[in-house]
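# A closer look at the structure
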Amino acid sequence: VMAENDLPYSTIPEDAYIQNDSTAVFGHYLFRSENLSFVPSYNIPTPANYKLAAGDEIVIDIWGAVYQYMIQEISPEGSITVPDLGPIYLAGQTIEQAEKNLKIQLGRIYSGITAEEPTTFIRLSLGRIRSFAINVVGDVVNPGTYTLPSLSTISSALYLAGGPTKIGSVRNIKVYRDNKLVNTFDLYKFMLDGDFASNVRLEDNDLIKVNPYSSLVKIAGQVKRPMTYEMIEGETVAKILEYSGGFAGDAKQSRIHITRKMGERAESFDVISK
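Residues numbered from 1 in each chain as written. Predicted model: local features only at pLDDT ≥ 70, side-chain atom pairs only at ≥ 80, totals over all residues. Heavy atoms only, no water.

Along the protein chain, the regular secondary structure elements total 4 helices and 16 strands. The 274 residues of the protein chain split such that 42% are buried. For the protein chain, the share of sequence-separated contacts (at least 6 apart) that also reach a separation of at least 24 residues comes to 56%. Here the protein chain has roughly 15,500 Å² of accessible surface; of this, 51% comes from carbon and sulfur atoms. (Helix = DSSP H or I, 4+ residues; strand = E, 2+ residues; numbered from the N terminus. Buried < 20%, exposed > 50% of the residue type's maximum accessible area, 1.4 Å probe, protein only. Contact = heavy atoms within 4.5 Å. Areas by Shrake-Rupley, 256 points an atom, 1.4 Å probe, with all protein chains shown as cover.)

Opposite charge on two side chains permits pairing when their charged atoms draw close. In total, this model carries 10 salt bridges according to the counting rule given. Of the charged contacts, one joins Arg-123 and Asp-61 as a salt bridge, the two residues approaching to 3.5 Å between their closest N and O atoms. Of this pair, Arg-123 sits in strand β6 (residues 120-126) while Asp-61 is found in strand β2 (residues 57-64), placing the two residues 62 residues apart along the sequence. Taking the relative accessible area as the measure of exposure, Arg-123 reaches 47% and is therefore partly exposed. Across the pair Glu-242 and Lys-239 runs a salt bridge whose closest N-O atoms are separated by 3.5 Å. One end of the pair is Glu-242 and the other is Lys-239, both in helix α4 (residues 237-243) and 3 residues apart, which spans about a single turn. When its relative accessible area of 46% is taken as the criterion, Glu-242 is described as partly exposed. (Salt bridge = Lys/Arg side-chain N within 4 Å of Asp/Glu carboxyl O.)

What the 3 strands build is an open sheet, ordered β3-β2-β6; its pairing is antiparallel. Two strands bound the open sheet, and with one partner strand each, they are β3 (68-73) and β6. Geometrically, the sheet is characterised by an average inter-axis angle of 15 degrees between neighbouring strands, direction not taken into account. Bridge count for β2 against β6 is 7 bridges, and the pairing is antiparallel. (Pairing = 2+ DSSP bridges. Axes fitted to C-alpha atoms, helices over the stretch in contact; angles between N-to-C directions.)

Now for the sheet that holds strand β10 (residues 180-185). In space, the 5 strands of this open sheet follow the order β8-β7-β11-β9-β10, with mixed pairing throughout. Because the sheet does not close on itself, it has two edges, and the strands there are β8 (144-149) and β10. Within the sheet, the average angular offset between the axes of one strand and its neighbour, ignoring direction, is 30 degrees. Where strand β7 (residues 131-138) and β8 come together, 6 bridges link them in antiparallel fashion. When the sheet's bridge partners are listed, Val-136 is paired in β8 with Gly-144.

The following block contains the structure:
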């Protein structure tokens, strides 16, 4: 795809950033950056839907009529041990569920917790988090098994694996859990639309598979970000213009020239704006 200019088109200088190299696939450079590691932030409140597992450290605050502060690590059996109460099983529960469970269990020794008008209160938070192993396979630079902190996401794992290879997709990245597909990650939605929902948190033994790309389209000429873009079925010329940042200020927007190659066959035509 070529966006024309009223002036002669000048080539990109050799020392240009890779983001402005029309031969580079948009998104690949993200996993080569030394300044971006996708390390999860620990200075945030524990997500309510975070599932506890063996190795997680939890912090229990009790205040009111009784003051207690406990730090417990969930055992390999999935429980913590509370003095005067015994083991309480928390593995597999979210932080929210575990806090409700603890209120019921601790209410047996601290009656003020479950009273109609409570005089004792409890708060559960996550201390030191566990690590887990995930597998990255397919068309990535360094496929293998990686150990990550348990708040890590798909992008964290892809960064450790070096990102997709030259033929690896950035838009069709599958996450499998217990042999079932649980998520498909599209880096463009993450980067350009701010869609964080697909960048899900991983769980122990998840498998990430990077498939080969299905279609690459190079856009050159007077656009703001001339590069090669991975396109998916149903996307149009308007979409690649959006990905490339739109026309440059001196672009001739009335005509876009397209060259399409299929094996030994090729066709060339113009798209005229109305």
